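Next come the chains, spelled out residue by residue.
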Amino acid sequence: MLDDRTRTSVEIFDPRGVVDLESSPLADRKNTLSGLRLGILDNSKWNANKLLRGAAAALSDQIAFASVNYYVKTHGFSTDAPPEMISQIASENDIVLTAIGDCGSCCSCCIRDAIALEDLGLPTAPIITTEFVNETRLTRAAVGMPGLRPVVIDHPVSSITAEEVATRVAVIAAQAQEVWVGTRGDI
């Protein structure tokens, strides 16, 4: 029988491992937004509806959309949108705005919904708050679309005034257009 104490080498394993993941490309960006169908995906979090409807109105003041279509996740904001809903949104729209990622699980679900829509060819602008920029970066990398750029608004969202909603809506309207045409830089 061999005595383990006589070994001259030791194997050491790196617990960090290696992630070998291919990145998925973004959907083709749009040259113009006029005449497109805008999809709004509301994850039903507090104030998401106010932000999304306000942003849709502000964007519609600047852009002549063919239509604005609303969808609401009714099964919970901390779950991904059902595949049937993602397919419906993809078939009825050209670009998408989705919100809100302002906590851990809802943020990652918002990003995964956006990536599912991007995979189906729709430039998608997911709205997150400043407190979750790093989580969003990790989620985008982990799911394989690090190039996706979110719209970033001030945190918090759930307890803001009408004036604070209006301020955030202006930021959303500007940054969403940058996401859809591909000029939004890295965050």
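Residues numbered from 1 in each chain as written. Predicted model: local features only at pLDDT ≥ 70, side-chain atom pairs only at ≥ 80, totals over all residues. Heavy atoms only, no water.

Novice: Just checking my understanding: could you explain the sheet that holds strand S1 (residues 37-42) for this structure?
Specialist: What links the strands of a sheet is backbone hydrogen bonding, and the strands pair in either a parallel or an antiparallel sense. In space, the five strands of this open sheet follow the order S2-S1-S3-S4-S5, with parallel pairing throughout. The open sheet is flanked by strand S2 (67-72) and strand S5 (151-153), the only strands paired with a single partner. Neighbour-to-neighbour, the strand axes of the sheet open up by a mean angle of 20°, direction not taken into account. Here five bridges tie strand S3 (residues 95-101) to strand S4 (residues 124-129), and the two strands are oriented parallel to one another. Each bridged residue has a counterpart across the sheet, and for leucine 97 the counterpart in S4 is alanine 125. (Pairing = 2+ DSSP bridges. Helix = DSSP H or I, 4+ residues; strand = E, 2+ residues; numbered from the N terminus. Axes fitted to C-alpha atoms, helices over the stretch in contact; angles between N-to-C directions.)

Novice: Whenever I open this one, the side chain of threonine 136 confuses me. Can you help?
Specialist: Positionally, threonine 136 belongs in helix H4 (residues 133-143). Taking relative accessible area as the criterion, threonine 136 reaches 0% and is therefore assigned buried. If we skip the residues at most four places from it in the chain, threonine 136 touches Cys107, Ile111, Ile128 and Pro150. (Buried < 20%, exposed > 50% of the residue type's maximum accessible area, 1.4 Å probe, protein only. Contact = heavy atoms within 4.5 Å.)

Novice: When you look at unusual backbone geometry in this model, what are you seeing that I'm missing?
Specialist: Of all residues except glycine, most have a negative phi; of all peptide bonds, most are trans. Of note, the bond from alanine 99 into isoleucine 100 is cis; its omega dihedral lies within 30 degrees of zero at 10°. Tracing the backbone shows isoleucine 100 in strand S3. Phi angles above zero are rare outside glycine, and serine 44 is one such case at about 75°. Here serine 44 shows up in the loop between S1 and helix H1 (48-62). Judged by relative accessible area, serine 44 falls into the partly exposed class, the value being 36%. Within the chain, asparagine 47 stands out as a residue other than glycine whose phi angle is a positive 70°. Structurally, asparagine 47 is set in the loop between S1 and H1. Residue class for asparagine 47 comes out buried when judged on its relative accessible area of 13%.

Novice: Can you help me understand the packing of aromatic side chains in this one?
Specialist: Pairs of aromatic rings are described using the distance from one ring centre to the other and the angle between the two planes. Inspection of every chain in the model, using the stated rule, returns one aromatic pair. The aromatic ring of phenylalanine 77 is capped on one face by lysine 45, whose charged end is 4.9 Å from the ring centroid. Lying across the ring of tyrosine 70, arginine 53 places its NZ or CZ 3.9 Å from the centre. (Phe/Tyr/Trp six-rings, centres within 6.5 Å; stacked < 30°, edge-to-face > 60°. Lys NZ or Arg CZ within 6 Å of the ring centre and 35° of its normal.)

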